Amino acid sequence: MADRAAWIGEQELPGFRGGIDVRVSLRTDAGPGLHGAWWPRSTDLAVELPELVAALERRGVQVTRFTYPFATWHAVPRKLAVGDRLVRVGGFATGDPQLVSLTCGPDAQHLELLVVPPGTEALFSARALRMAAHPGAALTARAVLTAAGKHPALRTGEIPVQTAG
């Protein structure tokens, strides 16, 4: 059964899909490097971006602009309706395809989020979300993804087969 906190009557709250919160993490400190990570379910920004913005708003972060790498995402209009307001959207042709940039609040705070590719294995993704949000960690997107993949539980080995005799 879906989390009841994600529903009002028969209407799902923004920032949830099927009762599951948008998969995003944020650092609690300011500083250089990544400010968190996002694990979208697809590369369709028209679906994913409104949910991300709504999830961040519940955490007190008001996104005013979203910038993404063109090569990684489906194109969207330059302004996207999110709830009762518009978020400006722009893309870039160069730079790290694993990053998206957010401009937030009245002081135009800049945040960079690692994008864990849709379809990535859940344990790997959860580790990347945690590592990117670790306070004081000024890691790059590549460093987080490399480190998240080094966990022993992500290694698969052969299961020993017992033979008779």
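Use the structure listed above.
Residues numbered from 1 in each chain as written. Predicted model: local features only at pLDDT ≥ 70, side-chain atom pairs only at ≥ 80, totals over all residues. Heavy atoms only, no water.

> Is there a simple way to explain helix H1 (residues 45-58) in this structure?
Along an α-helix, a turn takes 3.6 residues, which lines up residues three or four apart on a common side. With 14 residues, H1 extends 19 Å from end C-alpha to end C-alpha; this agrees with the ideal 20 Å at 1.5 Å per step. Within H1, ten of the 14 residues are buried, leaving the element largely enclosed by the surrounding structure. All of the buried residues along H1 are Leu-45, Glu-48, Leu-49, Pro-50, Glu-51, Leu-52, Val-53, Ala-54, Ala-55 and Leu-56. Measuring from the side-chain oxygen of the N-cap residue of H1 to the backbone nitrogen of Ala-46 gives 3.2 Å; that N-cap residue is Asp-44. (Helix = DSSP H or I, 4+ residues; strand = E, 2+ residues; numbered from the N terminus. Expected span 1.5 Å × (residues − 1). Buried < 20%, exposed > 50% of the residue type's maximum accessible area, 1.4 Å probe, protein only. Polar contact = N/O pair within 3.5 Å; in protein donor to acceptor, adjacent residues only side chain to side chain.)

> I tried to follow the sheet that holds strand E11 (residues 109-115) on my own but got confused; where do I start?
The strands making up a sheet associate through backbone hydrogen bonding, with each pair oriented either parallel or antiparallel. Taken in spatial order, the seven strands line up as E5-E6-E11-E10-E7-E9-E8 in an open sheet, and their pairing is mixed. Edge strands, defined here as strands with exactly one partner in the open sheet, are strand E5 (24-26) and strand E8 (79-82). Pairwise comparison of adjacent strand axes, ignoring direction, gives a mean angle of 30° for this sheet. Direction of pairing for strand E7 (residues 63-69) relative to strand E10 (residues 99-104): antiparallel, over a ladder of four bridges. (Pairing = 2+ DSSP bridges. Axes fitted to C-alpha atoms, helices over the stretch in contact; angles between N-to-C directions.)

> Help me understand the packing of aromatic side chains in this model?
Given two aromatic rings, their pairing is described by the distance between the two centres and the angle made by the two planes. The full count for this structure, using the stated rule, is four aromatic pairs. The interplanar angle of 10° and the centroid separation of 5.3 Å between the aromatic rings of Trp-38 and Trp-73 together place this pair among those described as stacked. Taken together, the positions of Trp-38 in strand E6 (residues 36-38) and Trp-73 in the loop between E7 and E8 put the pair 35 residues apart, joining distant regions of the chain. We note that Trp-38, like Trp-73, is buried. Taking the centre distance of 6.2 Å and the plane angle of 25° together, the rings of Phe-66 and Tyr-68 count as stacked. Comparing Phe-66 with Tyr-68 shows no difference in burial state: the two are buried. Through successive ring pairs, a cluster of aromatic residues spans Trp-38, Phe-66, Tyr-68, Phe-70 and Trp-73. (Phe/Tyr/Trp six-rings, centres within 6.5 Å; stacked < 30°, edge-to-face > 60°.)

> In this structure, what is going on with the pattern of salt bridges? I would like to understand it.
Opposite charge on two side chains lets them pair, provided their charged atoms get close. Going through the model one piece at a time under the given rule, you end up with one salt bridge. The salt bridge involving Arg-85 is made with Glu-57; its shortest N-O contact spans 2.4 Å. Of the two residues, Arg-85 sits in strand E9 (residues 85-92) while Glu-57 sits in helix H1, which places them 28 residues apart along the sequence. The exposure class of Glu-57 is partly exposed, given its relative accessible area of 37%. (Salt bridge = Lys/Arg side-chain N within 4 Å of Asp/Glu carboxyl O.)

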